Amino acid sequence: MPDGGQEQRATITVLFTDWRCPARSHDADATMHRSLSDASNLTGRFALRTLPTIFFLLALFSCAAPARAQISPGPLARAHQSLSGVLNCTKCHDLGAGGVKFKCLDCHTEIRDRLAQNRGMHAVWVGTKGTSKDCVQCHSDHNGADFPLIRWQPSREALDHRQTGFALTGAHAGLRCEQCHNAREILPAARAGIQVKDLNHTYLGLTNSCIGCHEDEHRGQLGANCTQCHTTTAWKPASGFNHAATKFPLTGTHATVACAKCHTSLADAKPYIRYTGFAFETCTACHTDPHKGSFKGTCQSCHNTSKWTQVAQLEGFDHSKTAFPLLGKHSSVACSECHTGGDFKTPVAHATCAACHSDYHQGQFLARAGGADCAVCHTVDGFKPSTFGVKEHAASSYPLEGRHAEVKCEECHIPKGKNTVFRITQTECSSCHEDVHKGQFAAAPYENRCERCHSVAEFRPAHFTLARHQQTGFPLTGGHLAVPCGQCHQEQPSGSITPVKFRFEDRSCTACHADPHSGQFREQMAAKRAEGRAAGCEACHTTVQWKELHGFDHAKTRFPLLGSHRAVACADCHRPPALETTLEHVNFGAAPVQCSACHNDLHAGQFASRRDVKDCSSCHNVNRWKPAAFDHDTRTPFSLQGAHQNVPCAGCHMLKRVVRGQNVLFYKPTPAHCADCHGNDGSTRPTGR
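Residues numbered from 1 in each chain as written. Predicted model: local features only at pLDDT ≥ 70, side-chain atom pairs only at ≥ 80, totals over all residues. Heavy atoms only, no water.

Caption draft 1: Up close: the overall build of the chain. When its secondary structure is counted, the chain shows 25 helices and six strands. As displayed, the chain has an accessible area near 48,100 Å², and 58% of this comes from carbon and sulfur atoms. (Helix = DSSP H or I, 4+ residues; strand = E, 2+ residues; numbered from the N terminus. Areas by Shrake-Rupley, 256 points an atom, 1.4 Å probe, with all protein chains shown as cover.)

Okay, here's the thing in structure tokens:
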């Protein structure tokens, strides 16, 4: 049994062993994907130790340096080397009442501020209410100086940049990380809050605005939102710019005028184009009056932008002053198209588009509010493109959210001319998407409802949480909590027809783990548990740690451990072969049960010929070697009675001989007559024999 000092050292070791990351025994990937449950369990376990225990540890560190290896949770990473030493624990850990708390955000204030402002990748992953407890889910310390605190999965270049709040699209997608993430692109206002000294080695400080990285080619004329006109694919052409949305829509022949005709270049250190400050209230602001003031009316009184020589049929008639101004393509329609037979007096129906145009969509939108009017989706500038976009789609029975907002219209509404279908009734995920799981979730309770695990924002990662896993046929416990999903649900090669396996018929331990005992405990493993499942390895072991044998009862074997045998190490009886140090290849059934198989015969074979002696247990027991349980009255011809009961064994058995270099006490021959030991006067005298 261990003494008090050993118990104290065991307590200290358990305290700091529990503090380690549960995935330390796995590879670095498993460490970086430690579950939320591990983090919360870590806090609970550490909270069991009281503050006095911590003071005891501090004292122990100061006076017993060799013990440091026993109680340290591990060396810090190189970035935190300045915090090494037990006196610095509280700089990162709050050891007050209620359990251990982490203080990562007390130092990393730039991350704390971005969480509060809902900016950047950390805010996407943990939300605006993220705490230091969330930090340790991805950044595990106490794993050595060379352990990477930041680990990119699968690599930095393969990071889904959308999780930072800034998707890399168009020309941005081909840039190297360091082309944007460097000190040159960090604005002075953002530098103050960054703790990293070398700004070329930080991913903080950049802004989402275009002018954070690019020079404003327009010198502030059009504001700071470049995306109003340009895309990330290319600076030119400015596909987002719509001149019709300006104060001067281009109609008629104005639409074919070269931009440079009006927007001239302005001289500067770097010349730029003028886009504002134009006078366009009258035609004469740009055009000379060929009539030289002969007419008092405006140019629009007789002319239009379609053609200079096309003069209004009625002198001084302005169609824009009627109930139907001619805009867009209507302005190029001949008068006779609407006013048939030269009849300008009869009113022309114009309340709805359908008054002149046939329903191209064949009544698909008649039931929708305002659906019969083409103007809901189209403009007078052209039938295409339609103005029905993502915002308008939100008012339909199927709002476009997440990645659906990026899908082109024709991918769902397959172009078939007038037969194009816009009213789609099948809106289940499986209506458009292939079942990549090949029917594994077709049955209840999932019934192939993709939204139970995925979202329209992104197919991966799935929002199948640890709590959801606990409701499956295989709840995760112990060390299984720290295993990455992909270690059990392994990815398949690209193009494989075999899906990632999520449903396992065989959930026994040996389905994933090799049996190190080569079937020696097959009977125990086959025994049924209360829920009807085979016990497997858990008949003896637990999922917390392989060496924990809470389920194994040696008393149920053919050799119950009693007395001093309870303190003997397993390997002392179940001896590993070939000088191995583990029990992996031990034949547990071959362990001896006779005393002589493990213990030397201290009596040099004196009792081997006795019929009443089967083993050492004939005289001794497992509690201790001395005193022996030998009954002198019944097992020898010399009964100890009277004063002989108080004579020590050595008073009569004094014959010793050297056997194989050992001085052995022999119990025969021993004098049996009174005179052999006593004189005539009754005094005891040595026999010399």
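Further notes follow.
Caption draft 2: Spotlight on the nonpolar core. Ranked by size, the top nonpolar core spans 10 residues in total: Leu-105, Ile-111, Leu-115, Ala-123, Cys-135, Ala-183, Ile-186, Ile-194, Leu-199 and Leu-204. Not counting residues up to four positions away in its chain, the partners in contact with Ile-111 are Leu-105, His-122 and Leu-204. (Core = buried A, V, L, I, M, F, W, Y, C linked by side-chain atoms within 4.5 Å. Buried < 20%, exposed > 50% of the residue type's maximum accessible area, 1.4 Å probe, protein only. Contact = heavy atoms within 4.5 Å.)

Caption draft 3: Examining the packing of aromatic side chains more closely. Counted according to the given criterion, the structure contains eight aromatic pairs. Ring plane angle 70° and centroid distance 5.5 Å describe the contact between Trp-152 and Tyr-203, whose orientation is recorded as edge-to-face. Residue Trp-152 is located in the loop between helix H10 (132–135) and helix H11 (177–180), and its partner Tyr-203 is located in the loop between helix H12 (188–191) and helix H13 (259–262); the two are separated by 51 residues in the primary sequence. An aromatic cluster is built from Phe-441, Tyr-446 and Phe-502, whose rings are joined through pairwise contacts. The side chain of Arg-274 reaches across the aromatic face of Phe-278, ending 4.6 Å from its centre. The ring of Phe-666 is capped by Arg-657, whose NZ or CZ atom sits 4.9 Å from the centre of that ring. (Phe/Tyr/Trp six-rings, centres within 6.5 Å; stacked < 30°, edge-to-face > 60°. Lys NZ or Arg CZ within 6 Å of the ring centre and 35° of its normal.)

Caption draft 4: Region of the structure containing the pattern of salt bridges. Under the counting rule described, the total for this entry stands at 20 salt bridges. A salt bridge links Asp-146 to Arg-78; the shortest N-O distance between them is 2.7 Å. Taken together, the residues Asp-146 in the loop between H10 and H11 and Arg-78 in the loop between helix H5 (68–71) and helix H6 (89–92) connect sequence positions 68 residues apart. The exposure classification of Asp-146 matches that of Arg-78, with both residues exposed. Linked by salt bridges that have partners in common, Asp-160, Arg-162, Arg-403, Glu-406 and Glu-458 make up one network. (Salt bridge = Lys/Arg side-chain N within 4 Å of Asp/Glu carboxyl O.)

Caption draft 5: Geometry of unusual backbone geometry. For the bond running from Lys-236 to Pro-237, omega is -5°, close enough to zero to count as cis. Within the element layout of this structure, Pro-237 appears in the loop between H12 and H13. A cis amide bond links Ala-444 with the next residue in sequence, Pro-445, at an omega value of 10°. Relative to the elements of secondary structure, Pro-445 occurs in the loop between helix H17 (429–432) and helix H18 (466–469). Positioned with a positive phi, His-142 is a non-glycine residue whose angle comes to about 60°. Residue placement: His-142 occurs in the loop between H10 and H11. The exposure class of His-142 is buried, given its relative accessible area of 18%.

Caption draft 6: How the structure looks around the pairing of strand E6 (residues 662–666). Bridge count between strand E5 (residues 655–659) and E6: five bridges; the pairing is antiparallel. Bridge assignment links Val-658 to a residue of E6, and that residue is Asn-663. Counted between consecutive antiparallel strands, the loop separating E5 from E6 contains two residues, among which Arg-660 sits at a positive phi close to 50°. (Pairing = 2+ DSSP bridges.)

Caption draft 7: Quick look at the environment of Glu-217. If you trace the backbone, Glu-217 turns up in the loop between H12 and H13. A relative accessible area of 29% places Glu-217 in the partly exposed class. Between the alpha carbons of Glu-217 and Lys-270 there is a distance of 9.1 Å; along the sequence they are 53 residues apart. Residues in contact with Glu-217, not counting those within four places in the same chain, are Trp-235, Lys-270 and Tyr-272. For Glu-217, the side chain forms a polar contact with the side chain of Lys-270, separated by 3.3 Å. (Polar contact = N/O pair within 3.5 Å; in protein donor to acceptor, adjacent residues only side chain to side chain.)

Caption draft 8: Broad picture of helix H8 (residues 109–116). Every buried residue belonging to H8 is among Glu-110, Ile-111, Arg-114 and Leu-115, and all of these are buried. Projection of H8 onto a plane perpendicular to its axis shows the buried side chains occupying an angular sector of 140°, all on one side. Of the residues one or two after H8, Asn-118 is the one with positive phi, at around 55°. (Arc of directions from axis to C-beta.)

Caption draft 9: Structural detail: the environment of Val-348. Along the chain, Val-348 falls in the loop between helix H14 (335–338) and helix H15 (390–393). On the accessibility criterion, Val-348 (30% relative accessible area) is partly exposed. Residues Val-348 and Phe-324 lie 24 residues apart in sequence; the distance between their C-alpha atoms is 9.5 Å. Each residue touching Val-348, except ones within four places of it in the same chain, is listed here: Cys-338 and His-339.

Caption draft 10: View of a nonpolar patch on the surface. Together, Val-124, Trp-125 and Val-126 give the surface a local cluster of nonpolar side chains, amounting to about 270 Å² of exposed area. Mapping Trp-125 onto the fold places it in helix H9 (residues 120–126). A relative accessible area of 47% means that Trp-125 is categorised as partly exposed. (Patch = residues over 30% accessible without salt bridge, like charges linked within 9 Å, V, L, I, M, F, W, Y side chains within 5 Å.)

Caption draft 11: Spotlight on the side chain of Glu-110. Within the secondary structure, Glu-110 sits in helix H8. The side chain of Glu-110 is buried and forms no salt bridge, while Arg-114, the nearest opposite charge, is found at 6.5 Å. Polar side-chain contacts of Glu-110 include one of 3.1 Å to the side chain of Gln-195. (Lys, Arg positive; Asp, Glu negative; His and termini not counted.)

Caption draft 12: Region of the structure containing the side chain of His-632. Along the chain, His-632 falls in helix H23 (residues 632–635). Among the polar contacts listed, one links the side chain of His-632 to the backbone oxygen of Phe-638, at a separation of 2.8 Å.

Caption draft 13: A look at the environment of Glu-523. Structurally, Glu-523 can be placed in helix H20 (residues 522–526). Here the alpha-carbon distance between Glu-523 and Ala-539, two residues 16 residues apart in the chain, equals 9.9 Å.

Caption draft 14: Expanded view of the confidence of the model for the chain. Here the chain averages 82 in pLDDT, and 86% of its residues register 70 or above. When pLDDT is averaged over each helix and strand of the chain, the minimum, 33, is found for helix H1 (residues 4–19) and the maximum, 93, for strand E4 (residues 272–273). For residues 1–70, every residue scores under 50 in pLDDT, and the model assigns this stretch 98 contacts once sequence neighbours within four places are set aside. (pLDDT = per-residue confidence, 0-100.)

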